[in-house]
Every structure is written in structure tokens, then in C-alpha cells.
Amino acid sequence: MIGRLNHVAIAVPDLKAAAATYRDALGAKVSAPQELPEHGVTVCFVNLPNTKIELLEPLGKASPVAKFMQDNASGGIHHVCYEVDDIIAARDRLLAQGARIIGDGTPKIGAHGLPVLFLHPKDFCGTLVELEQRSA
Ligand SMILES: CC[C@@H](C(=O)O)C(=O)SCCNC(=O)CCNC(=O)[C@H](O)C(C)(C)COP(=O)(O)OP(=O)(O)OC[C@H]1O[C@@H](n2cnc3c(N)ncnc32)[C@H](O)[C@@H]1OP(=O)(O)O
Ligand SMILES: [Co+2]
């Protein structure tokens, strides 16, 4: 069911500083910040030859990342994102297996303009898993 690793997300307290670290200290190509209020985050993507790093900082009071940042003040790995061919079929299979989908199960459009869903970390080895519908 899961395919390519689309990105690994790192939550940070200061997105500009984190982007500068990846650009200047690590010599990586980093995208401009993208505010995504519907997700409660601002993100930059670090484009690597074989995947991406999603640097994200909380946006707004209701950010789903706020509590994570309280518990991890200097930041940390927040989630991994795997690609799936059919996000609805993947969701239904996971629900049938008793996995918890975060929210009402309706995919949201993510940073790449594709449907995404999140699976509860407690069901997946303590790791927040994001699924992204593979682009056609
Ligand atoms: C940029 C757009 C998009 C993309 O296209 O890539 C994104 O990536 S958006 C990214 C931000 N959005 C989300 O993360 C949405 C899904 N996440 C959530 O809804 C919440 O983060 C959560 C998973 C429900 C956690 O909510 P929270 O308020 O932080 O804490 P809880 O107390 O409810 O947590 C329960 C339990 O889970 C542990 N936890 C929380 N976050 C993580 C995490 N990132 N990785 C691993 N474990 C996590 C938390 O510690 C609690 O554990 P216990 O204390 O042991 O119960
Ligand atoms: Co993500």
C-alpha cells in the first residue's frame, strides 16, 4: 500500500533560521516559505535528490503543531509522509483494521496540491504518519 517516502517533516520554532541552516550550513536548496492556514503551519521544502524535508512552524493559535512545540522547544522530527496510489482505498483499509485517522477522515489538500490524511502516532510506532495521494 504505501509507496515512496514523500517527505520527512521537522517542526521548528523559527522557520527562517531553520531554512538558513539547511541552505547555508548544509548547502541545500530550500523553497520560499508557504503559509498554509488550513493546516495551521508555514512550511519550507528542502529538496533532496531522493526525497524532501518539510520544515514547518506553527501558524495561528489553533495550530496542530503547537503542543508538539511546547513539548519539543528546539524542534524535532514531526511526521513522515508516504505516497499511496489511492488515498480513499488506503483510508478504508486502515479504518477496517481499526487504525485511527485524524479528523473526520476527509482528505485535505496538502502542500503539494494533493489529498493528504494523517494516521494517529499511537497506532504507528509512535510516529505521526501522513499519507499523500500520489500524483497521477
Ligand atoms: C504542510 C501541509 C501538510 C503536508 O502537505 O505535508 C502537513 O504536513 S500539515 C502538518 C501539521 N498538521 C498535522 O500534524 C495534522 C495531524 N496532527 C494532529 O492532528 C496532531 O498533531 C495530533 C497527532 C492529533 C497530536 O495532537 P497534540 O495536540 O499534539 O497532542 P495529543 O496530546 O493529542 O497527542 C496524543 C499523543 O500523541 C503524541 N504525539 C503528538 N504529536 C506527535 C508526533 N508528531 N509524533 C509522535 N507522537 C506525537 C503525544 O505525545 C501524545 O502521546 P502521549 O502523551 O503518550 O499520550
Ligand atoms: Co507533511
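All values derive from a computational prediction rather than experimental measurement. (Residues numbered from 1 in each chain as written. Chains lettered and ligands numbered in written order. Predicted model: local features only at pLDDT ≥ 70, side-chain atom pairs only at ≥ 80, totals over all residues. Heavy atoms only, no water.)

### Notes on the nonpolar core
Okay, so step 1: With 23 residues, the main nonpolar core has Cys 44, Val 46, Ile 53, Leu 55, Leu 94, Leu 119 and Leu 131 as its most contacted residues.
Okay, so step 2: Sorting the residues of this core by element identifies β1 (5-11), α1 (15-25), β4 (41-47), β5 (52-58), β6 (76-84), α3 (87-96), β8 (115-119) and β9 (128-133) as the ones contributing at least two each.
Okay, so step 3: Apart from residues no more than four positions distant in its own chain, Cys 44 is found in contact with Leu 15, Ala 19, Val 30, Ser 31, Ala 32, Pro 33, Ile 53, Glu 54 and Leu 55.
Okay, so step 4: Counting residues in each nonpolar core, the second largest holds nine residues, with Leu 36, Val 43, Leu 56 and Met 69 among its members. (Core = buried A, V, L, I, M, F, W, Y, C linked by side-chain atoms within 4.5 Å. Buried < 20%, exposed > 50% of the residue type's maximum accessible area, 1.4 Å probe, protein only. Helix = DSSP H or I, 4+ residues; strand = E, 2+ residues; numbered from the N terminus. Contact = heavy atoms within 4.5 Å.)

### Quick look at the state of the cysteines
Okay, so step 1: Scanning the entire structure with this criterion turns up zero disulfides.
Okay, so step 2: Cysteine Cys 44 remains unbridged, with the sulfur of Cys 81 as its closest cysteine sulfur at 17 Å.
Okay, so step 3: Classification of Cys 44 by relative accessible area gives buried; the value is 2%.
Okay, so step 4: Not engaged in a disulfide, the cysteine Cys 81 finds its nearest cysteine sulfur in Cys 125; these two sulfurs lie 16 Å apart. (Disulfide = S-S within 2.5 Å.)

### Observations concerning the site of ligand 1
Okay, so step 1: Surrounding ligand 1, one finds 21 residues, the nearest of these being Glu 54, His 78, Ala 111, Lys 122 and Glu 130.
Okay, so step 2: Residue Lys 67 places a side-chain N or O atom 3.1 Å away from an oxygen atom belonging to ligand 1.
Okay, so step 3: One of the side-chain N or O atoms of Lys 122 is found 2.8 Å from an oxygen atom in ligand 1.
Okay, so step 4: Put simply, the parts of the chain that give the shell around ligand 1 at least two residues each are β4, α2 (66-71), β6 and β9. (Near = heavy atom within 4 Å. Polar contact = N/O pair within 3.5 Å; in protein donor to acceptor, adjacent residues only side chain to side chain.)

### As for the UniProt feature "domain: VOC" (unreviewed entry) in the protein
Okay, so step 1: In the numbering adopted here, UniProt assigns the feature "domain: VOC" (unreviewed entry) to residues 4-134.
Okay, so step 2: Each end of residues 4-134 is marked by a C-alpha atom, and these two atoms are 9 Å apart; helix forms 21% of the span and strand 37%. (UniProt positions renumbered as here; feature names shortened; annotations may be inferred.)

### Notes on unusual backbone geometry
Okay, so step 1: Although it is not a glycine, Cys 125 sits at a positive phi angle of roughly 60°.
Okay, so step 2: Mapped onto the fold, Cys 125 is located in the loop between β8 and β9.

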